[in-house]
Amino acid sequence: MKLSEAYIICKQSVNIPFNELFSELNKDEIIRNKGKSGQLMEKLCGLKLSNTTKDFEDGELKTSELKETTAITMITDWIDEIIHEKPISFEESRLSKKIEHMIFMPLAKPSIDPLNWYFKDCIYVPITKG
């Protein structure tokens, strides 16, 4: 799926409590764990969960509370490319390729019950050189 197709679905998902947005899911599937809100959105967009570099063919989806930092990727598999005596440039890095097109959805958690959580916005972030 292309990011432009996912953006439409994500945009329509703003300000809808999880108990409505993910009503077809079993309540136990909407549990608190790191990354669960992003996984739920990927499923809503019709994706199967995977460990590919990008969530979509041409971009990435990130969900996070605004009070938190947002993890982009684990670097353990490619740390040698960064700290090598001849490191690759940022533009050639996996991180750059992963975030060159991104949908960011800030998450609101008005209570500890994940069924009451919702996405506050849907923002397309194009990362360009410079």
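Residues numbered from 1 in each chain as written. Predicted model: local features only at pLDDT ≥ 70, side-chain atom pairs only at ≥ 80, totals over all residues. Heavy atoms only, no water.

1. What to know about unusual backbone geometry
Both trends apply: most residues other than glycine have a negative phi, and most peptide bonds are in trans.
Then comes step 1: Positive phi, normally seen in glycine, also occurs at N15, with a value near 65°.
Then comes step 2: Following the sequence through the fold, N15 ends up in the loop between helix 1 (3–11) and helix 2 (18–21). (Helix = DSSP H or I, 4+ residues; strand = E, 2+ residues; numbered from the N terminus.)

2. Quick word on the pattern of salt bridges
Then comes step 1: A complete count under the given rule lists 4 salt bridges for this structure.
Then comes step 2: Note that E57 is salt-bridged to K2, the shortest N-O span being 3.7 Å. On the criterion of sequence distance, the pair formed by E57 in the loop between helix 3 (36–44) and strand 1 (60–65) and K2 in the segment before helix 1 is long-range, its members being 55 residues apart.
Then comes step 3: The class for K2 is partly exposed, based on a relative accessible area of 38%.
Then comes step 4: The shortest N-O distance in the salt bridge between K62 and E60 comes to 3.3 Å. The burial state of K62 is the same as that of E60; both residues are buried. (Salt bridge = Lys/Arg side-chain N within 4 Å of Asp/Glu carboxyl O. Buried < 20%, exposed > 50% of the residue type's maximum accessible area, 1.4 Å probe, protein only.)

3. Things to note about the side chain of S13
Then comes step 1: Relative to the assigned elements, S13 resides in the loop between helix 1 and helix 2.
Then comes step 2: A distance of 2.8 Å separates the side chain of S13 from the backbone oxygen of I9, its partner in a polar contact.
Then comes step 3: Contact partners of S13, with chain neighbours within four places excluded, come to L21, M41, L44, M105 and F119. (Polar contact = N/O pair within 3.5 Å; in protein donor to acceptor, adjacent residues only side chain to side chain. Contact = heavy atoms within 4.5 Å.)

4. Here's the deal with the packing of aromatic side chains
Two descriptors summarise a pair of aromatic rings, namely the distance from one centre to the other and the angle between the planes of the rings.
Then comes step 1: A full pass over the atoms with the stated rule returns 3 aromatic pairs.
Then comes step 2: With a centroid separation of 6.2 Å and an interplanar angle of 65°, the aromatic rings of F18 and W117 are classed as edge-to-face. You can see F18 sitting in helix 2 and its partner W117 sitting in the loop between strand 2 (101–108) and strand 3 (118–119), a full 99 residues away along the chain.
Then comes step 3: Overall, F18 belongs to the buried group, its relative accessible area being 1%.
Then comes step 4: Its relative accessible area of 7% is what places W117 among the buried residues.
Then comes step 5: Ring centres of F18 and F119 lie 5.2 Å apart, and the angle between their planes is 45°; on these two criteria the pair is classed as tilted. Note that F18 is positioned in helix 2 and F119 in strand 3, a separation of 101 residues in sequence.
Then comes step 6: Its end group placed over the ring of W117, K109 keeps NZ or CZ at 4.3 Å from the ring centre. (Phe/Tyr/Trp six-rings, centres within 6.5 Å; stacked < 30°, edge-to-face > 60°. Lys NZ or Arg CZ within 6 Å of the ring centre and 35° of its normal.)

Limitation: the analysis is restricted to geometry and does not speak to function.
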